[in-house]
Each structure stands twice: as C-alpha cells, then as structure tokens.
Amino acid sequence: MSASERDLNPGEWAVLTLCDEGPTHGFALAQELAPDGPVGRVWSVRRPLVYRALQRLVGLGLVDELGPEQSPTGPPRIRVAGTAAARERVDGWLEEPVEHVRDGRYLLLLKLLFLDRRGRPSDALVDAQTKVYASIEERLRTRLPEAEGFDRVLMSWRLQSARAALTFLDEV
C-alpha cells in the first residue's frame, strides 16, 4: 500500500467503501454522507468534499469512472465504482482496529456500520479492538498513580474513556 493510500482521511474511506458496495455517483454518495444520511449519522461529509474525495480516489486507481448516466432532475451524473484494488484495501481497513480510543467515535463506528451493511460479522474487528483498548487501559491505569496536576486529569479522562470503550465493545 502506498503512502498516499494509507493516508486516506475518514471521509475518503467512507466514499471508497461506498463505491466498493457497487456502482454509484457523486450525488448519491453525498446523500449517504449528509448529516441525516445512513452513513452521515456516523461521519458526515459535505458535498464538495465528496467530489474532491472521488477525484483523489480516481487518481489513486481505487475508483473507476464508468460513464455518464442521465438524471431525471439535472445534468448527467458520472457513475463510479471501486476497483479490485479498492476491494482489497477496504477489506483490510474494515478488519483493522483503530489506534486511539478517540477514533472509536467515528472510525470504529464507520467500520461496524459498513461491516453490517455488507452482512459480514464484526467479531474479528471487535476482538482486535478490545485487545488494543485493553492495552491502552492497562498502560493508563499503571501510570495514573504517578501523574500530577493536569497530566493526572488528562490521564484520568483517557482511562475512563478507555474503560467506557471496553464496556461498549463487550456489549457489541
């Protein structure tokens, strides 16, 4: 995987994963990723950024343009779909745990949402994520007694966040 592919932002991952679900177009992607859309309720992406993400993903060879499609309400729309390389990247991304507890709010939930949409079990991701969060929780718990001042406040916040995330994963 090239550095530019590793560096996809959450919005680009969401667009890529939607393109990998099947042929679509930018307008449909923007609707999915709108704040009240099925994916946007977890991570929303403004319409201009959806089209920018599509351009980048096409440039990386992860999305192919399939050609125009007539629209009943406006100009023709360019249909797009994920490539074979996209499928490989998306499959790997969906199984990879997030590194930080703070990323669970959007990246982990996005992955759980997309696994569900694909009808795939989330057990492997949940197990891997539990190990990552348990390691973080243990490290914070052992370091907390020596922390002072605001460092103690921050570490305590992170410890409680890690514990809450582990409780969540246990319920999933």
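One can find the structure itself at the top, above this paragraph.
Draft legend 1. Structural context of the pattern of salt bridges. Scanning all chains against the criterion turns up 12 salt bridges. Close ionic contact of R79 with E69 constitutes a salt bridge, the shortest N to O distance being 3.1 Å. Of this pair, R79 sits in strand β3 (residues 77-82) while E69 sits in strand β2 (residues 63-69), placing them 10 residues apart in sequence. Between E95 and R120 there is a salt bridge, with its nearest N and O atoms 2.9 Å apart. Taken together, the residues E95 in helix α5 (residues 84-95) and R120 in the loop between α6 (107-117) and α7 (123-143) connect sequence positions 25 residues apart. One continuous salt-bridge network, built from bridges that share partners, spans D20, R87, D91, E95, R118 and R120.

Draft legend 2. Geometry of the sheet that holds β2. One open sheet accounts for three strands, arranged β1-β3-β2; its pairing is antiparallel. The open sheet terminates on both sides in strands that have one partner only, identified here as β1 (24-25) and β2. As defined by bridge partners, β2 adjoins β3 across six bridges and the pair is classed as antiparallel. Bridge pairing links E65 to V80 in β3.

Draft legend 3. Spotlight on the packing of helix α2 (residues 10-21) against α5. At a minimum axis distance of 10 Å, the contact between α2 and α5 shows a crossing angle of 120 degrees. Classed by the angle they form, the pair α2 and α5 counts as oblique. Crossing of α2 over α5 shows left-handed handedness. Of the residues in α5, those in contact with W13, L16, T17 and D20 of α2 are A86, R87, R89, V90 and W93. Within the contact of α2 with α5, the residues separate by chemical class into five nonpolar, one polar and three charged.

Draft legend 4. View of the environment of R87. As for its placement among the helices and strands, R87 is situated in helix α5. Judged by its relative accessible area of 39%, R87 is partly exposed. Along the primary structure R87 and L16 are separated by 71 residues, whereas in three dimensions their C-alpha atoms are 9.0 Å apart. Contacts of R87, omitting those with residues within four sequence positions, involve D20 and R118.

Draft legend 5. Looking closely at α6. Judged by how many residues are buried, α6 sits mostly within the fold: eight of 11 residues are covered. Restricting attention to buried positions, one finds in α6 the residues L107, L108, L110, K111, L112, L113, F114 and L115. Buried residues along α6 sit in contact with α2, α5, α7 and α8 (149-171). Among the residues trailing α6, G119 stands out with phi positive, at a value near 70 degrees.

Cut-off values and rules
Residues numbered from 1 in each chain as written. Predicted model: local features only at pLDDT ≥ 70, side-chain atom pairs only at ≥ 80, totals over all residues. Heavy atoms only, no water. Salt bridge = Lys/Arg side-chain N within 4 Å of Asp/Glu carboxyl O. Helix = DSSP H or I, 4+ residues; strand = E, 2+ residues; numbered from the N terminus. Pairing = 2+ DSSP bridges. Axes fitted to C-alpha atoms, helices over the stretch in contact; angles between N-to-C directions. Parallel < 35°, antiparallel > 145°, perpendicular 65-115°, else oblique. Left-handed = near helix turned anticlockwise from the far one by under 90°. Contact = heavy atoms within 4.5 Å. Nonpolar A, V, L, I, M, F, W, Y, C, P; charged D, E, K, R; others polar. Buried < 20%, exposed > 50% of the residue type's maximum accessible area, 1.4 Å probe, protein only.

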